[in-house]
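What follows is each chain in one-letter form.
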Amino acid sequence: MSCGAGAPKWAGRCMSCGDWNTLSEELDVAEPAPVPMVPPSAPTPITEVGAGSGQPIPTGLDEVDRVLGGGLVPGSVTLLGGEPGVGKSTLVLQLLAARARAGATVLYLTGEESAAQVRLRADRLGALDDRLLLAAETSVPNLLVHLEAVQPELCVIDSIQTMHDPQFSSAPGSVTQVRECAHRVVVAAKSMGIPVILIGHVTKEGQLAGPRVLEHVVDTVLSLEGDRHHDLRLLRASKHRFGATDELGLFSACDDGLDAVADPSAMFLADRRLDVAGSAVCPTMEGQRPLLVEVQALVDPSPLAQPRRSVQGLDPGRVALLLAVLQRRVGVELGRSDVYATTVGGVRVVEPAADLAACLAIASAHVGRALPPDVVVCGEVGLGGELRQVARMDRRLTEAARLGFAAAVVPASSPDLDPGLAVIRVATLAEAVAAICPLD
Ligand code: TYD
Ligand code: MG
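Conventions and cut-offs
Residues numbered from 1 in each chain as written. Chains lettered and ligands numbered in written order. Predicted model: local features only at pLDDT ≥ 70, side-chain atom pairs only at ≥ 80, totals over all residues. Heavy atoms only, no water. Near = heavy atom within 4 Å. Polar contact = N/O pair within 3.5 Å; in protein donor to acceptor, adjacent residues only side chain to side chain. Areas by Shrake-Rupley, 256 points an atom, 1.4 Å probe, with all protein chains shown as cover. Helix = DSSP H or I, 4+ residues; strand = E, 2+ residues; numbered from the N terminus. Salt bridge = Lys/Arg side-chain N within 4 Å of Asp/Glu carboxyl O. Buried < 20%, exposed > 50% of the residue type's maximum accessible area, 1.4 Å probe, protein only. Axes fitted to C-alpha atoms, helices over the stretch in contact; angles between N-to-C directions. Parallel < 35°, antiparallel > 145°, perpendicular 65-115°, else oblique. Left-handed = near helix turned anticlockwise from the far one by under 90°. Contact = heavy atoms within 4.5 Å. Nonpolar A, V, L, I, M, F, W, Y, C, P; charged D, E, K, R; others polar. Pairing = 2+ DSSP bridges.

Draft legend 1. Just the site of ligand 1, in detail. Gly85, Lys88, Ser89, Thr90 and Cys254 are the nearest of the 14 residues found near ligand 1. Taking Val86, its main chain carries an N or O atom lying 3.4 Å from an oxygen atom of ligand 1. A distance of 2.8 Å is found between an oxygen atom of ligand 1 and a backbone nitrogen or oxygen belonging to Lys88. Look at ligand 1: alone it shows 540 Å² of surface, and the protein chains cover 73% of it. Mapped by element, the contributors of at least two residues to the shell around ligand 1 are α2 (88-101), α3 (115-125), β8 (248-254) and β9 (257-260). Per-element tally for the shell around ligand 1: the top contributor is α2, with 3 residues.

In structure tokens:
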């Protein structure tokens, strides 16, 4: 099963996690290899436990450090997942090169590409350095020998699905192999104090291939996302034992590798057309960083009995709720219209602070009139049509002012603000609509 559970005979559905069609046949090892006895370490008073070894070491790539909360902690194991071709190998090679340039010895173990292919790529990325050691390796015992011999300050294994442990008869990439290999790597990383990055593939459903237990044995799970038709790549943490998981790393893919996006708000707004109905700009927060995002809507008379609602980058359930509030509390009649709502640039905005932007984009599309081009809107919409304040309003509006916006529509209850632009306070969604998008 993809969740790691076992079954004595074939079954269509996993009894443990309920997923369909995830069973694959593997032999259970009858006798597990003997585990060497390790003398137990005596418990120590918590005040005497050293905290020094837990300090993160910067990787040299600021966007990665931002997501990791400072860098990689020695002995930690990080799983980097992503679809084939999204840029995982490129990113780790840049990361290794950055550490090598800073004087660290680093090790790249590749099971996917030959050493020559990696060298070619490194050439292209400007990542050649004598301290970057390379080995093509797929066997876990050999890999551990390399780790022991080199004692690198950072090790990357590309990818966990190509590694195998000869103790087990199943094929590389199978549940048993992935789980056991990852486990052995984790034990070695912890005992030697070496930070290790494991690369993992995701299935077409977007889940990490291999058993879900893989996510439990590692300390950090990162995912690199992006559309192969766009340059934008997003790095997120879905699990992080050493810090928060809400930071977002942004890269743009170029011929010479992944570049950090210096001014993401400006990039997201670069192609914005000012005179088109159905566009609203919202200052959102991604972790500690404000990000201005354009929300677009299109409202079209529907030929269908049940009109279409198509949503991208926003929560579809949330948008359905907002449509109901717009109809009942503001009187925007959408029952016979198809409604499309998206965020621009491939970002996903799930925080309620974008409610107001979605509502005003839809209202603007409905009346066919553009919103004032230099206004941002931000606030959570309640079922009663009231506007509720959101966190960090000051930080959001300062970013909007920096990018040249002249005014902001915010909930009336927001704290005192001095962001350098005009603040329009409104108590309800109806007031907001009346203020910048009158219906008649
Ligand atoms: P690669 O790093 O091999 O993806 P993954 O390891 O996730 O499968 O990248 C796929 C291809 O895209 C590779 O041929 C190099 C190219 N590429 C660039 O040219 N520039 C970039 O910034 C990135 C990310 C990839
Ligand atoms: Mg790769």
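Draft legend 2. Seen up close, the pattern of salt bridges. The tally for this structure, following the rule as stated, stands at 16 salt bridges. Arg241 is the partner of Asp219 in a salt bridge, and the nearest nitrogen-oxygen pair spans 2.7 Å. With Asp219 in the loop between α6 (213-217) and β6 (220-226) and Arg241 in the loop between β7 (232-240) and β8, this pair connects stretches of sequence that are 22 residues apart. When its relative accessible area of 47% is taken as the criterion, Arg241 is described as partly exposed. For Asp355, the salt bridge goes to Arg318, with nearest N and O atoms at 2.5 Å. One end of the pair, Asp355, is in helix α9 (residues 355-367); the other, Arg318, is in helix α8 (residues 316-330), with 37 residues separating them in the sequence. Among the charged side chains, a salt-bridge network with shared partners connects Glu63, Arg66 and Arg289.

Draft legend 3. Geometry of the packing of α2 against α3. Remark: α2 packs on α3, axes separated minimally by 11 Å, with the N-to-C direction vectors making an angle of 65°. Relative to α3, α2 is oriented roughly perpendicular. α2 and α3 meet at a crossing whose hand is right-handed. Counting all contacts with α2, which are made through Ser89, Thr90, Leu93 and Gln94, the residues of α3 involved are Val118, Arg121, Ala122 and Leu125. Across the contact of α2 with α3, the residue classes break down as 4 nonpolar, 3 polar and 1 charged.

Draft legend 4. Focus on the packing of α8 against helix α11 (residues 429-436). Contact pair α8 / α11: the axes reach a minimum separation of 10 Å and the direction vectors enclose 80°. One element, α8, and the other, α11, form an angle in the roughly perpendicular class. The segment α8 lies against α11, with Val325, Leu326, Arg329 and Val330 engaging Leu429, Ala430 and Val433.

Draft legend 5. Layout of the sheet that holds strand β1 (residues 77-82). Read across the open sheet, the 9 strands follow the order β3-β2-β4-β5-β1-β6-β7-β8-β9; overall the sheet is mixed. Looking at which strands have only one partner, the edges of the open sheet turn out to be β3 (132-136) and β9. Sheet twist, expressed as the average angle between the axes of neighbouring strands with direction ignored, equals 25°. Strand direction decides the pairing type here: strand β2 (residues 106-110) and β3, joined by 5 bridges, are parallel. For Thr110, the partnering residue across the bridge sits in β3 and is Ala136. Contacts from α2 reach β1, β2, β3, β4 (154-158), β5 (196-201), β6, β7, β8 and β9 within the one sheet, and its direction differs from that of β2 by about 160°. On top of the sheet, α3 reaches β2, β3 and β9; it is set at about 150° to β3, its chief contact.

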